[in-house]
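These are the residues of each chain, in order.
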Amino acid sequence: MNKIHEECGVFGVYSSEVKNLASMTYYALYALQHRGQDSCGIVVNDGGVFTGKKDLGLVGDVFTKEVLASFGPGKIAVGHVRAGVKGSVTHANAQPLVVNHVKGTMALGFNGSLVNKNELRTELELQGSIFHSTADTEVIAYEIIKARLNAPSIERAVTNAMDKLKGAYCIVLMSPTKLIAARDPNGFRPLCYGVTEDGSYVVASESCALDAVGAKLVRDVKPGEVIVFDSMGVRSIEDHCNTAKMSSCIFEFVYNARPDSIVDGYSVHEARVEMGRYLAKKYPVEADVVISVPDSGNDAAIGYAKESGIPYELGFLKNKYVGRTFIFPDQKDREDQVRKKLNPISSVVNGKRVVMVDDSIVRGTTSGRVVKLLREAGATEVHFMVSSPPFLFPCYYGTDVPNKDMLIANQHTLEEIRQMVGVDSLNYLDLEDMKKIALMDGKNGFCYACFNGEYPTETPKSTGNKYETKINIEEYTKRH
Ligand code: SF4
């Protein structure tokens, strides 16, 4: 749907007894599929023997009954789903990555994006490392291996390697005897752990994966924390905690995370409903019905309807079996794909003044196409409410917010966008209102960089990757 997409989901399990962890990981990855649909993988560890399978495709396609049956039982397992940017969807980039080194084997999965990946990679290559992929995971693996040579344990190696990693990362790592989870000091991406009734520990990008395997959420992994699960139980290493300001990605609450997840103590659904309520308070309109662009606009549309008193109805039927639009390379394909994926329910919108709620506008082409469908179905007015502020800057932390040339709000005024999308009115959630919602409990800090250009860390220095176009924030601010 020409939407922003998250780039990965991670999962790990440490069981007190040997059992079928491949199917447990499969269910968890199924629940995390929204975080990445290009490749997936599972590695199971039975007494230090690693058995793995990774491939391009959806979890349900890669892990058929036969493939799952080919895994033996184990005590530890890790799993991964990935969405790659254009050109990076390769088998080599699929995860978990399994690495054999002098101190033993490890398998790791990663979510996020390192801002100093190119520098680290160059340094490693000059020292003799040979890379097989373009994934940050491989850089992290080499840094851990290097640190392991002088560290007394794998968890200490992970902790020491974190001294060199900058940016956003959640790591789930399996050694022959341990499961280790680590979250960057800013806490950009979510990571939590839970426990099942039989005492197995599970770690996942989102709590919805814990729910899927019957585990109870214990807590979020703290920014900067390394947690070790092994035969001694659970241990926490907090060397990197409180070394940076917490900067949890606000866009997880707008779009990335599933609404049934709890992220850093917040209900994603409740946050989205609140975003819709704020839109209704600030931008009331005379209308007959509130609808959402499914599924990402659903919760905010409910909030808008609750606050405004305008009834919420199902305005579109979404065909969930059609692939995502951005995998179709040219514009014509993308437009056809919108029609295949969304069909307006004409009895809901025909002859009506419609409030349409969606989570964001990236390039604007999809939104324009969706509005056209509503007009064709007989909507007399379309008032477009967007439950996030305009995207003005790229994301360097693992969400695929593209560079400024691709962002309609960076290139056009509100009125121009309104005309281009073809709606009667257009309103975005104000950044200040988003901050009020995010800071309701006053505990957490958030990243809003794709909306305000205030990056919580240094930004990538080198070129040659998707960050080639650097933003001159001062120049931008003057222009707008
Ligand atoms: Fe999230 Fe935007 Fe910050 Fe990226 S820049 S971490 S998408 S808030």
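Calculation notes
Residues numbered from 1 in each chain as written. Predicted model: local features only at pLDDT ≥ 70, side-chain atom pairs only at ≥ 80, totals over all residues. Heavy atoms only, no water. Domains from an automatic or database assignment. Buried area = accessible area lost by both parts, 1.4 Å probe. Salt bridge = Lys/Arg side-chain N within 4 Å of Asp/Glu carboxyl O. Near = heavy atom within 4 Å. Nonpolar A, V, L, I, M, F, W, Y, C, P; charged D, E, K, R; others polar. Axes fitted to C-alpha atoms, helices over the stretch in contact; angles between N-to-C directions. Helix = DSSP H or I, 4+ residues; strand = E, 2+ residues; numbered from the N terminus. Parallel < 35°, antiparallel > 145°, perpendicular 65-115°, else oblique. Left-handed = near helix turned anticlockwise from the far one by under 90°. Contact = heavy atoms within 4.5 Å. Core = buried A, V, L, I, M, F, W, Y, C linked by side-chain atoms within 4.5 Å. Buried < 20%, exposed > 50% of the residue type's maximum accessible area, 1.4 Å probe, protein only. Polar contact = N/O pair within 3.5 Å; in protein donor to acceptor, adjacent residues only side chain to side chain.

Overview of the domain arrangement of the chain
Right, on to step 1. We note that the domain assignment places domain 1 (7–244) and domain 2 (266–479) within the chain.
Right, on to step 2. For domain 1 versus domain 2, the distance between C-alpha centres works out to 31 Å.
Right, on to step 3. Counting each side, the surface lost to burial between domain 1 and domain 2 is near 1500 Å², with a carbon and sulfur contribution of 48%.
Right, on to step 4. Summed over the shared surface of domain 1 and domain 2, the number is one salt bridge.
Right, on to step 5. One salt bridge connects K166 with E458, and the closest N-O pair in it is separated by 3.7 Å.

Observations concerning the site of the ligand
Right, on to step 1. Close to the ligand lie R189, C249, I250, F251, C395, Y397, T399, C447, A449 and C450.
Right, on to step 2. Residues that form the shell around the ligand fall into these classes: eight nonpolar, one polar and one charged.

Some words on the packing of helix α9 (residues 268–282) against helix α16 (residues 431–438)
Right, on to step 1. α16 packs onto α9 with a crossing angle of 140° between their chain directions and a minimal axis gap of 10 Å. Judged on the interaxial angle alone, α16 and α9 are oblique. The handedness of the crossing between α9 and α16 comes out as right-handed. When α9 is examined against α16, the residues A271, E274, M275, Y278 and K282 are found in contact with a partner set consisting of D433, K436 and I437.
Right, on to step 2. Considering only residue class, the contact of α9 with α16 consists of four nonpolar, no polar and four charged.

Considerations on the nonpolar core
Right, on to step 1. In terms of nonpolar packing, the biggest core is built from 77 residues, with F253, I291, Y304, M356, L374, Y397 and F451 touching the most fellow members.
Right, on to step 2. In terms of residue count, α9 provides more of this core than any other element does, six residues in total.
Right, on to step 3. Excluding residues within four positions of it along the chain, Y304 makes contact with G276, R277, L279, A280, Y283, P284, V285, V290, I310, V355, V357 and M385.
Right, on to step 4. If you look at the next biggest cluster of nonpolar residues, it comprises 31 residues, including Y169, I171, L173 and V228.

Looking at the side chain of R35
Right, on to step 1. Take R35: it is sitting in the loop between α1 (21–31) and β2 (39–46).
Right, on to step 2. Overall, R35 belongs to the buried group, its relative accessible area being 0%.
Right, on to step 3. A distance of 2.5 Å separates the side chain of R35 from the side chain of E206, its partner in a polar contact.
Right, on to step 4. Polar side-chain contacts of R35 include one of 2.9 Å to the side chain of E252.

Describing the packing of α9 against helix α10 (residues 298–308)
Right, on to step 1. The interhelical angle for the contact between α9 and α10, taken along N-to-C directions, is 45°, at an axis separation of 6 Å. Taken together, the axes of α9 and α10 are oblique relative to one another. For α9 against α10, the interelement crossing comes out right-handed. Each of H269, R272, V273, G276, R277, L279, A280 and K281 in α9 lies in contact with α10, whose residues at this interface are D299, A300, G303, Y304, K306, E307 and S308.
Right, on to step 2. Here the contact of α9 with α10 is composed, by residue class, of five nonpolar, four polar and six charged.

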